[in-house]
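One-letter residues, chain by chain:
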Amino acid sequence: MNSIAKPFALLCISLLFITQNSCVSFKPGWKDLKLSTKSTNIDDLIVKAKKLETIADSKEELLKLLDIYKEIESADPENYYALWKTGNYNILLGAAYSPKKKDKKYYYKQAIQYCEKAMSTNEDFLNRVNNGEEIVEASKSLTLAEIDAMGYWYTARFYYFKDCLSPLGRVMNTRIVIDNNSMIDLIDKLDPSWAGGGNYFSRALYYIAVPEKFGGSKKRAADEFDLAIKTGPNYIVNKWGRAKYLYFLVGDTTAMKKDLQWVIDQNPHSAGNTYPWNVYFQNDAKKMLAEN
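Here the structure is a predicted model, which means the values were calculated and not measured.

Thresholds applied
- Residues numbered from 1 in each chain as written.
- Predicted model: local features only at pLDDT ≥ 70, side-chain atom pairs only at ≥ 80, totals over all residues.
- Heavy atoms only, no water.
- Phe/Tyr/Trp six-rings, centres within 6.5 Å; stacked < 30°, edge-to-face > 60°.
- Buried < 20%, exposed > 50% of the residue type's maximum accessible area, 1.4 Å probe, protein only.
- Helix = DSSP H or I, 4+ residues; strand = E, 2+ residues; numbered from the N terminus.
- Expected span 1.5 Å × (residues − 1).
- Arc of directions from axis to C-beta.
- Contact = heavy atoms within 4.5 Å.
- Polar contact = N/O pair within 3.5 Å; in protein donor to acceptor, adjacent residues only side chain to side chain.
- Axes fitted to C-alpha atoms, helices over the stretch in contact; angles between N-to-C directions.
- Parallel < 35°, antiparallel > 145°, perpendicular 65-115°, else oblique.
- Left-handed = near helix turned anticlockwise from the far one by under 90°.
- Nonpolar A, V, L, I, M, F, W, Y, C, P; charged D, E, K, R; others polar.
- Salt bridge = Lys/Arg side-chain N within 4 Å of Asp/Glu carboxyl O.

How would you explain the packing of aromatic side chains if you had to name every residue and give the values?
Summed over all chains, the structure comprises 16 aromatic pairs. With a centroid separation of 5.6 Å and an interplanar angle of 65°, the aromatic rings of Tyr206 and Tyr207 are classed as edge-to-face. The partly exposed category is assigned to Tyr206, whose relative accessible area is 22%. Here Tyr207 falls in the buried class, since its relative accessible area comes to 10%. Between Trp240 and Phe281 the ring centres are 4.7 Å apart and the planes differ by 40°, which places this aromatic pair in the tilted class. Of this pair, Trp240 sits in helix α13 (residues 236–250) while Phe281 sits in helix α15 (residues 275–291); the two residues are 41 residues apart in sequence, bridging distant segments of the chain. Following the ring pairs from residue to residue traces out a cluster consisting of Tyr69, Tyr81, Trp84, Tyr152, Tyr154, Phe158 and Trp194.

Any details on helix α2 (residues 42–53)? Residues and values, ideally.
If you check α2, its first and last C-alpha atoms are 16 Å apart, about what 12 residues at 1.5 Å a residue would give, namely 16 Å. Along α2, the residues classified as buried are Ile42, Leu45, Ile46, Ala49, Leu52 and Glu53. Across the axial projection of α2, the buried residues extend over an arc of 125°, all falling on one side. Seen from the buried face of α2, the exposed residues on the opposite side, beyond 90 degrees, are Asp43, Asp44, Val47 and Lys51. Residues of α2 that are buried make contact with α3 (59–75), α4 (80–97) and α15. If you check the start of α2, you find a side-chain oxygen 3.2 Å away from the backbone N of Asp43, and it comes from Asn41.

Quick one: what's the story with the packing of α4 against α15, residue by residue and with numbers?
At their nearest, the axes of α4 and α15 sit 11 Å apart, and the two run at 20° to each other. In terms of orientation, α4 and α15 fall into the roughly parallel class. Relative to α15, α4 is oriented so that their crossing is left-handed. Contacts between α4 and α15 involve Asn88, Tyr89, Ile91, Leu92, Ala95 and Ala96 on the former and, on the latter, Pro276, Trp277 and Tyr280. Per-class residue counts for the contact of α4 with α15 are eight nonpolar, one polar and no charged.

A description of the pattern of salt bridges should follow, citing residues and the corresponding values.
In total, this model carries 15 salt bridges according to the counting rule given. Of the charged contacts, one joins Glu53 and Lys85 as a salt bridge, the two residues approaching to 2.6 Å between their closest N and O atoms. One end of the pair, Glu53, is in helix α2; the other, Lys85, is in helix α4, and 32 residues separate them in sequence. Using a relative accessible area of 11% as the deciding quantity, one classes Glu53 as buried. The exposure class of Lys85 is buried, given its relative accessible area of 6%. Asp179 serves as the salt-bridge partner of Arg157, at 3.9 Å between the closest nitrogen and oxygen. Taken together, the residues Arg157 in helix α8 (residues 147–164) and Asp179 in helix α10 (residues 174–190) connect sequence positions 22 residues apart. The structure contains a network of salt bridges with shared partners spanning Arg128, Glu133, Glu137 and Lys140.

Given below as structure tokens:
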């Protein structure tokens, strides 16, 4: 009897250990709000950042861009624009320039924290999370003014879920997806056309990722991509995503190549999304065409 009980007990302990150590925790961004340390001309720094943003097509230039935003944060810790932009470009560093999982984890977590800092510039939200409310519940206090922080918060978490968790880790952290969908619903109420169809794009990924028995559907994913493209016809991300995540998956090579070629043919300076992101989408499209 003991020969059975001991292995069973060890199995239970192992499963408990896996469960406890598979759940992801993110350091709350609002716990890391800084105090102003110096007087700086913020407007000049923002102009400098926007100028660099039009040419930043490498990891080195993105890091320089982030240095400018962090200089703004140092002088003005509640500068919403610098905070959400820092979150946004940390996502890009993880997605485009970090082949190692540990680096992706670092940049995505940075992105989440900075988006939470940006959301915390809303005093009602900050009071609610400091009083113990969950982020999504407290986010009901957020307004159109904080929509970019909300959108890139859930985007960073999607990237973390997709790129950094094992299959078991995803099972143990379905809360990430649930909370993301709640945030998407909140953004829908503020502006369903946010980021040229960003919410439709994200729902498409959700329907692709979730098994059919739990509501997943390639057809519904296709419909959401269509809505994203209709909402933001010049946003490179939409057709890039449809080619990469839907057409590649279902084996529609002809449609995939058509979308990828369209992505490559766009002017990265004038299309939807910022230049650094468009460079990433186009480089990835070229890679996919070369491999298929």
